[in-house]
Amino acid sequence: MKALVYAVRPDEIDFFEQFSKELNLDIDLCSSNLTEDTVEQAKGYQTVIFLAECKVTGKVLESLKSFGINHIVSRSVGVDNVDWEKANELDIKIANVPAYSPNSVSEFVLTSTLVLLRNYHHYLDRVQNQDFTITGLVAKEIRNQVVAIIGVGKIGFETVKNFTGFGPKEILLYDPFEKEEVKKYGRYTSLEEIYKSSDIIVYHIPLLKDTVNIISKKNIDKMKKGVILINVSRGGIMNASDLLDGINEGKIAGAAVDVYDNELSYFRHDWREKNIPDTTLVKLLAHPQVIVTPHAAFYTDEAVSNMVSISLGNVKEFFDTGNSKNIVNKK
Ligand code: NAI
């Protein structure tokens, strides 16, 4: 039994060597993404491990099935890159890494919020140009802000706790599934109140049919003037043109964008010296009130180690029992 690991980054190689040895697993590593063009490489293997940037389309799944592969493993949390209808039809089981370090993403949210709130990016720009003035950059403190978290799951809860340390005016929460343990840190309320009252809105929701473009003109219009938006969730939850309009109209004071709808062509690739054809992305990159990061919120040593060890654990379970405790049920 052998697994092929797709989309391997150099920083993962030592972890793959260490954990495959510990689990006594036979694996091969390749740097290409799993796509319709690369799926042929999986012939002869009994499973594949992939990442969120791989395109696990119906065609990819059909090919994997034809190679005798009945279970596959994502080393990401989000699995919206899989054609679930086809996976169910072909009865291919899919396991993910449900939590590799929720705190890694949450700390990034705090970092992004503070950068925007304290005008840190503007100071860096000025100082790089030997402009040591501070005029026009008077900042705000978190203790005077109403912070809202939309989607209070594993990462959202960490963000709630991390914000608590700064003592914001209030923490508002929205999630269709309320959890008792979160209530001592914040108050669950409606989206309407969040839009009306919040100075900072953080999104920690998965990309689902009802979360597509939740950041849209319709909802931005309901928001408080001067709001800061933090999207470390998925690009598909945000209409980037509406976001830019909201900023240019003065409604939104700043936005942190770690994910982008069309990110697969750009994020994690070196586009220096090349023209980016996506004009919306170009506008986001150029906008002084927007900070763009290349889907990097998760990227810590702890998260990378856990992504590798837990996904290999899933492979081991599949090989030993045909099942895994981390199967994602999308039936
Ligand atoms: P989770 O499943 O623990 O939590 C998601 C929460 O969202 C749940 O509590 C769920 O009830 C809630 N939710 C679902 N639909 C909602 C809606 N319409 N409105 C409000 N809340 C809703 O997931 P986790 O681990 O917290 O991750 C959240 C998302 O973060 C992932 O799905 C992924 O897209 C993104 N992510 C981004 C990373 C990055 O590096 N930028 C890294 C890891 C995850």
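Residues numbered from 1 in each chain as written. Predicted model: local features only at pLDDT ≥ 70, side-chain atom pairs only at ≥ 80, totals over all residues. Heavy atoms only, no water.

Student: Is there a simple way to think about the site of the ligand in this case?
Tutor: With respect to spatial proximity, 27 residues lie near the ligand, and among them Lys154, Ile155, Asp175, Val232 and Asp258 are the closest. Contact between the ligand and Ile155: an oxygen atom at 2.9 Å from a main-chain N or O atom of the residue. At 3.4 Å, a backbone N or O of Ser233 approaches an oxygen atom of the ligand. If the ligand stood free it would expose 870 Å²; the protein chains cover 89% of that surface. (Near = heavy atom within 4 Å. Polar contact = N/O pair within 3.5 Å; in protein donor to acceptor, adjacent residues only side chain to side chain. Areas by Shrake-Rupley, 256 points an atom, 1.4 Å probe, with all protein chains shown as cover.)

Student: Got a minute to help me understand the pattern of salt bridges in this structure?
Tutor: Once their charged atoms are close, side chains differing in charge can pair, the charge on each being opposite to the other. Counting across every chain of the model gives 21 salt bridges. Arg187 is paired through a salt bridge with Glu193; the nearest N and O atoms lie 2.8 Å apart. Exposure remark for Glu193: the relative accessible area of 23% places this residue in the partly exposed category. Across the salt bridge formed by Asp320 and Lys316, the nearest N and O atoms sit 3.4 Å from each other. Note that Asp320 and Lys316 are positioned in helix α11 (residues 301–321) at a spacing of four residues, about one turn of the helix. (Salt bridge = Lys/Arg side-chain N within 4 Å of Asp/Glu carboxyl O. Buried < 20%, exposed > 50% of the residue type's maximum accessible area, 1.4 Å probe, protein only. Helix = DSSP H or I, 4+ residues; strand = E, 2+ residues; numbered from the N terminus.)

Student: Would you explain helix α1 (residues 13–23) in this entry?
Tutor: Turning to α1, its buried residues number three or more, namely Phe16, Phe19 and Ser20. Across the axial projection of α1, the buried residues extend over an arc of 105 degrees, all falling on one side. Exposed side of α1, more than 90 degrees from the buried face: Asp14, Lys21 and Glu22 are the residues found there. Check the buried side of α1 and you find it contacts β1 (2–5), β2 (26–29) and α11. Just beyond α1, the residue with positive phi is Asn24, at close to 55 degrees. (Arc of directions from axis to C-beta. Contact = heavy atoms within 4.5 Å.)

Student: It is not clear to me how the packing of α1 against α11 should be interpreted in this structure. Could you clarify?
Tutor: The axes of two packed helices give the description: the angle between them and the distance between them. For the pair α1 and α11, the least separation of the axes is 10 Å and the interaxial angle reads 35 degrees. With respect to the hand of their crossing, α1 and α11 are arranged in right-handed fashion. Together, Phe15, Phe16, Phe19, Ser20 and Leu23 of α1 and Asp301, Val304, Ser305, Val308, Ser309, Leu312, Gly313 and Lys316 of α11 make up the contact between the two elements. Of the residues that constitute the contact of α1 with α11, the class distribution is seven nonpolar, four polar and two charged. (Axes fitted to C-alpha atoms, helices over the stretch in contact; angles between N-to-C directions. Left-handed = near helix turned anticlockwise from the far one by under 90°. Nonpolar A, V, L, I, M, F, W, Y, C, P; charged D, E, K, R; others polar.)

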